[in-house]
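# Structural features, examined
Read off the chains here:
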Amino acid sequence: MRRFWLIPYLIYILAFGLIPLILTFYFVGFTPPTSIKGLIVDFPPGTFNLALYNTLLFATMTALLSTMLALVLAIRVDSLPMKWQVPMSLIILVPYTIPFISSSMIWYTLFDPMYGPFYYLFKLFHIPMLNMTTIPGLSIWSVIIVGVWSSTSFAYLMIIGGLKSISKELKEVSQVDGASLSQYYSGVALPYIFKIVLTAFLVIFVLQLGNFDIPYVLTEGGPGYSSTTLPLLIFDLLYFIGDFSGGEAAAALLAALATLPAVALLYVMRSGGLYVRLPTIKIPDRIYDSLLWILTVIILLFLLFPVYWMVVLAFRPNIYDFISPPILYPVAFTINYFVNAITNSASYISTSLIVSAFVALISAILAGTASYIMSKQNIYWLLLITIYLYSLPSTSFIFPIYTLFMNSGLLNTWWALILAEPIFTVTLSAWLLFNIYRDLPNEYQELAEIEGASSTYTLFRIIAPPITRSSWFMVMILSFIISWQLLFYPLILTETPPWLFNFPPTGAQTVTIFAIEAIRSKAVDWGGLLASSALVVALPVMVLSYVIMGRLLEGFNIGGIKG
Amino acid sequence: MRSGISRTTWVIIGVIIVVIIAIGAYYYIKSVTAPKTVTIVVVAYSGTTAQFIQFAGQLFHEEHPNVNVEVITYPFSQYVTNELTALEAHSTEYDIIEFTSTSSLRFVPYVLPLNPYMGGTLFNMSDLMAPQEAFGGEFYNTTTGQIEYIGIAYETVTYMLAYKCSIFNNQTLAQEFYSEYGVEFNPLTWQNWTTVLDVDQFLVGGNGITKYGVLIDDHVSHGIIDAYPAVFGWWYMRDPNLNDGRVGGLPNFNIMFYGAPAPGCTYPLPDFNTTDGIEALEVYKELVSYEPPPNVTPVTYDNLPELYAEYAPAALMFVSQLSYLPSSVYNDTCLAPLPGGYAETGTNFLAVSKYSTHKQLALEFLAFLVSPQVQVYEYLYFHKFPISKEAFQMLLSNSTLSPHDKELLNAVYNAAQYAWANPPNIPPTYPELIPSFNQEVFEYLLGQVSAQEAMNTAAASWVNALVQTYGSCSG
């Protein structure tokens, strides 16, 4: 296969990734190692070590717990009849549709042991009534809980995509052989998708290493620095101390560290693949099914209760917000906040819809084609660059990007976002699809070449649509949601709310800016602005996910190759 | 050989390319044929004050028809990130930028020094509230010992005592209180913090009239650094050993440092680990005991208006928080200075970007914005308190304003003259001073350390930060 379709991907990551990264150091100066020492000397003694510990703890526990929860959910959904899989998947995806900013604030109200639902939890288990976010040592665990909550859906999407890639014939053969559900999942499915599960863990691990939003909104890294992570420390170095040179150097170093686990996995895969033989668990189907349901209900309760709480707050008068013990069910109803939120957010939502749709499309096309070539032709150096760029925080690119759009007059337009945002999604998509394509038999390509098909025909008419369609849909949904959730780029590259009645439309602020406006300097009004705004900005993504989820869950049939 | 993309797809791609070219041509033609006007771009955080700036911009345009003023707004929690990114990229997009008192020093490298324009050449500084300007608008250069003006305050924001008129004007309660404690119930007469504690005991402890006492911010993430100086100010202004004749302390260092540099140093040392500071801390703890425990439900900038509205007779708050109150509570709220007749401040500033291509016009607009004639509208239309003293007088003599409005205006005007009880805003404030101080005080509030231990530990951290920033003292 010719490498023609590698070029668009290369051009893009050069233009919006590597070159801006290098130019950033031109802007802010680059004087290692003295610039990095600001991380240590500009803060109280011990802060750097504490931030490093918090970062590793946060990333590891969030990735581990969310992957485990997602695995349980994915197995449960995969073993259900098809008609239940889409609605269940939609329910599981709900937390991921809510912007990080809003979900952190919802959790902030949850953690209040006097006015939030945790009051009953403390009563039930006779625990001292303390607000986790205010206790050193516990505050980082409040960040971890929110991290797990917001990452489980993401991991689920990847794992269910992997389970759907298992051919139906394989499952049928297992059933014919008399394997129980537990034997099938433990002895066949899990070993088959182990690489995907490990990739899900690593992707979330890398994502959480650089996660800034959750600790920033929930605890501001406090009390003191007890829940500060390295991205937050770097942010402080950049914007509170004004040491841009040190901050950018530290960000580049952090990203390099973040790629190490991914590099390790790559090495293992390169040296012979990653097939693990797991112990086969034999449990009678009825017990296995019941266990799965019990675990699923508990996990769904964890995922959905905050959303339920958000809906309760959004539709009740705010005089009920500061009552102890708190009222968990609707006692009075008002639609005012919701109507107000919908009216005010309509233009922001249209911008986000259009921008995110384009970003999803660009990501799927650029990554879907390039990752196939990378994986089949073993272009590991490009994968390494891809993972590194994915690990970098948005501040690593922003100065040259901002200058480019300022000079070309594209600031505050959709084009700036459509062109700039895919750097975060195209790299992740390429990484995910690389792993999926590793397992795709080469026979498809060989047959196509024998038939005389061009590279373009092979990629778009053989590989993508019929065979790996579910994977393409998966990366499109992920890219859409990631773009939907972005805050930093829209904040810097846009200036005004969208006004759609000009031609061309002016203004390009997105829903995340609308959501954070609703918070003001942290919400005074729990329900009125915060909850209803969060609900409104999550709705379009929920609808879109519902539409696409069916396509994803149809899966594909690699087993079409006989012999 | 089969081609990968169908003819239809190529046609669609071609149409998209033509559309893109057409849009680009439209933009080009529009830019070339547009009439020549100058646009001053102001970047501010979203809210009522941004609306006032835009309103002032429209008035400015009426006087200067070829000048437009455009206000771009960002969420308050993100404005620092946004503005600093643009300025670090040497952006010419923004002519005027906004910042708060506590973030002002971060903008020093990017803004035009205003000293040449003070003293009547453009800005009438005698008309502007000096304490408001001092905390955030001035930068004390420790190398030269000179004060540089970096921004102009355009509204008055004071941290003072808000109280429910209906409770404190109740004659029955007033008589009971007086007979029990021997001091007036009226907050306008309070001379010290002991009276505040007496009120807490009277309303909460004794009679259960209100659920909480006089609310004070105790949020470990930030609020403690706002609340403690408000209390400590009473001691600071009475002790010349602390203030060294400067009632508000040295600019940028303010009252949590001694009023003069330490011998052999270019900077003053912390003063809160003294007997006065510890007494103030003990009073602060007692105030906090009349509200939810800070490790359960911290009283924060965000929830304080709500808690005050529902459960408390009074609260220490910024007057900008009044707009968050339900209208019934707002109309029942009166204002008083902090006990002893002083206040804290925390207002917003506008500065001219040094990358602006319209510096002179930007300065003229700023001067216009803070002129009395324009400042009057700030309260009339937007219910924000003006920075101009003359505007205050004009409003107080305005017959269309209600007695309640005039009471609020009078209270803020008087308090603003003495709003010097401020926390520091030197460079290590955010990364080092606030976290270390707040953490120690928080542990003291929870009973984990003694007051002396808390203050000594915090002071040691502050001294370390000073040495890192300004160097060691000689001798």
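A quick note: this is a predicted structure, and the numbers were derived from the prediction, not measured.

About the thresholds
- Residues numbered from 1 in each chain as written.
- Chains lettered and ligands numbered in written order.
- Predicted model: local features only at pLDDT ≥ 70, side-chain atom pairs only at ≥ 80, totals over all residues.
- Helix = DSSP H or I, 4+ residues; strand = E, 2+ residues; numbered from the N terminus.
- Buried ≥ 20, exposed ≤ 12 C-beta atoms within 10 Å, placed from the backbone.
- Contact = placed C-beta atoms within 7 Å.
- Nonpolar A, V, L, I, M, F, W, Y, C, P; charged D, E, K, R; others polar.
- Pairing = 2+ DSSP bridges.
- Expected span 1.5 Å × (residues − 1).
- Axes fitted to C-alpha atoms, helices over the stretch in contact; angles between N-to-C directions.
- Parallel < 35°, antiparallel > 145°, perpendicular 65-115°, else oblique.
- Left-handed = near helix turned anticlockwise from the far one by under 90°.
- Core = buried A, V, L, I, M, F, W, Y, C linked by C-beta atoms within 7 Å.
- Domains from an automatic or database assignment.

## Points about the overall build of chain B
When you go through chain B residue by residue, the secondary structure sums to 18 helices and 11 strands. By principal-axis analysis of the C-alpha atoms, chain B measures approximately 95 × 65 × 60 Å. Every one of the 475 residues in chain B was classed for burial, and the buried ones make up 51%. By sequence separation, contacts in chain B at least 24 residues apart represent 73% of the contacts at least 6 residues apart.

## Considering the overall build of chain A
Broken down by element type, chain A carries 24 helices and 0 strands. Every one of the 563 residues in chain A was classed for burial, and the buried ones make up 56%. Taking all contacts inside chain A whose residues are at least 6 apart in sequence as the whole, residues at least 24 apart take part in 83%.

## Digging into the interface of chain A and chain B
Of the residues lining the interface, 57 residues belong to chain A; the matching set on chain B comes to 49 residues. Elements supplying a minimum of two residues to the side of chain A that touches chain B: α1 (7-28), α11 (230-239), α16 (398-407), α20 (455-467), α22 (488-493) and α23 (511-519) of chain A. Residue contributions to the side of chain A that touches chain B peak at 6 residues, all from α20(A). A breakdown of the residues in the side of chain A that touches chain B according to their chemical character gives 35 nonpolar, 13 polar and 9 charged.

## With respect to the pairing of strand β11 (residues 348-352) of chain B
Residues and elements named next belong to chain B. For β11, a buried count of 5 out of 5 residues is recorded, marking the element as mostly surrounded by other parts of the structure. Covered by surrounding structure in β11 are Asn348, Leu350 and Val352 together with Phe349 and Ala351, the residues of both alternating faces. One ladder, built from 5 bridges, connects strand β3 (residues 96-100) with β11; its direction is antiparallel. Among the inter-strand pairings, Glu98 is bridged to a residue of β11, identified as Leu350. One ladder, built from 2 bridges, connects strand β6 (residues 152-153) with β11; its direction is antiparallel. By the bridge assignment, Ala153 is partnered in β11 with Phe349.

## Examining the sheet that holds strand β2 (residues 67-74) of chain B
All names here are of chain B. The 5 strands lie next to each other as β2-β1-β3-β11-β6, forming an open sheet whose pairing is mixed. Two strands close off the open sheet at either side, each with one partner strand: β2 and β6. Pairing of strand β1 (residues 38-45) with β2, which is carried by 8 bridges, proceeds in the parallel orientation. Residue pairing for β2: Val42 is matched across the bridge by Val71.

## Examining helix α7 (residues 193-206) of chain B
Residues and elements named next belong to chain B. Here α7 is 14 residues long and its end C-alpha atoms lie 18 Å apart, about the 20 Å a rise of 1.5 Å per residue gives. Where α7 is concerned, the buried positions are Trp193, Thr195, Val196, Asp198, Val199, Asp200, Phe202, Leu203 and Val204. On its buried face, α7 is in contact with α6 (171-181), α8 (223-238) and α10 (275-288). Of the residues flanking the end of α7, it is Gly208, one or two places downstream, whose phi is positive at about 60°.

## Concerning the environment of Leu56(A)
Tracing the backbone shows Leu56(A) in helix α3 (residues 47-78). For the pair Leu56(A) and Leu230(A), spaced 174 residues apart in the sequence, the C-alpha separation amounts to 9.3 Å.

## Concerning unusual backbone geometry
With glycine set apart, most residues show a phi of negative sign, and most peptide bonds adopt trans. Across the junction of Gly222(A) and Pro223(A), the peptide omega takes the value 0°, indicating a cis bond. Mapped onto the fold, Pro223(A) is located in the loop between α10 (213-218) and α11. Here the phi dihedral of Asn378(A) falls at roughly 55°; this positive angle occurs in a residue that is not glycine. Along the chain, the position of Asn378(A) falls in the loop between α14 (336-376) and α15 (380-391). On the basis of neighbour count, Asn378(A) is assigned to the exposed category, with 10 C-beta atoms found within 10 Å. A positive phi is found at His383(B), a non-glycine position, where the angle reads about 55°.

## Topic: the packing of helix α14 (residues 372-382) of chain B against helix α15 (residues 389-396) of chain B
Residues and elements named next belong to chain B. Running from N to C, α14 and α15 point in directions that differ by 55°, and their axes come no closer than 8 Å. Viewed along their axes, α14 and α15 adopt a mutual orientation that is oblique. Judged by the sense of rotation from one axis to the other, the crossing of α14 with α15 is right-handed. Residues Pro372, Gln375, Val376 and Tyr379 of α14 lie in contact with α15, whose contacting residues are Glu390, Ala391, Met394 and Leu395. Here the contact of α14 with α15 is composed, by residue class, of 6 nonpolar, 1 polar and 1 charged.

## A look at the nonpolar core
Residues Ile159(A) and Leu215(B) are the most contacted members of the largest nonpolar core, which totals 328 residues. Residue contacts for Ile159(A): discarding those within four places in its chain leaves Ala70(A), Leu71(A), Ala74(A), Ile193(A), Ile196(A), Val197(A) and Ala200(A).

## A word on the domain arrangement of chain B
Residues and elements named next belong to chain B. In terms of domains, chain B is made up of domain 1 (38-156 + 346-413) and domain 2 (158-344 + 423-470). Computed from C-alpha coordinates alone, the two centres of domain 1 and domain 2 are separated by 27 Å. Facing the 23 residues of domain 1 at the interface are 22 residues of domain 2. Taken together, the elements giving at least two residues each to the side of domain 1 that touches domain 2 come down to α4 (130-137), β4 (138-141) and α16 (403-417). Here the side of domain 1 that touches domain 2 gets 5 residues from one element, more than from any other, and that element is α16.

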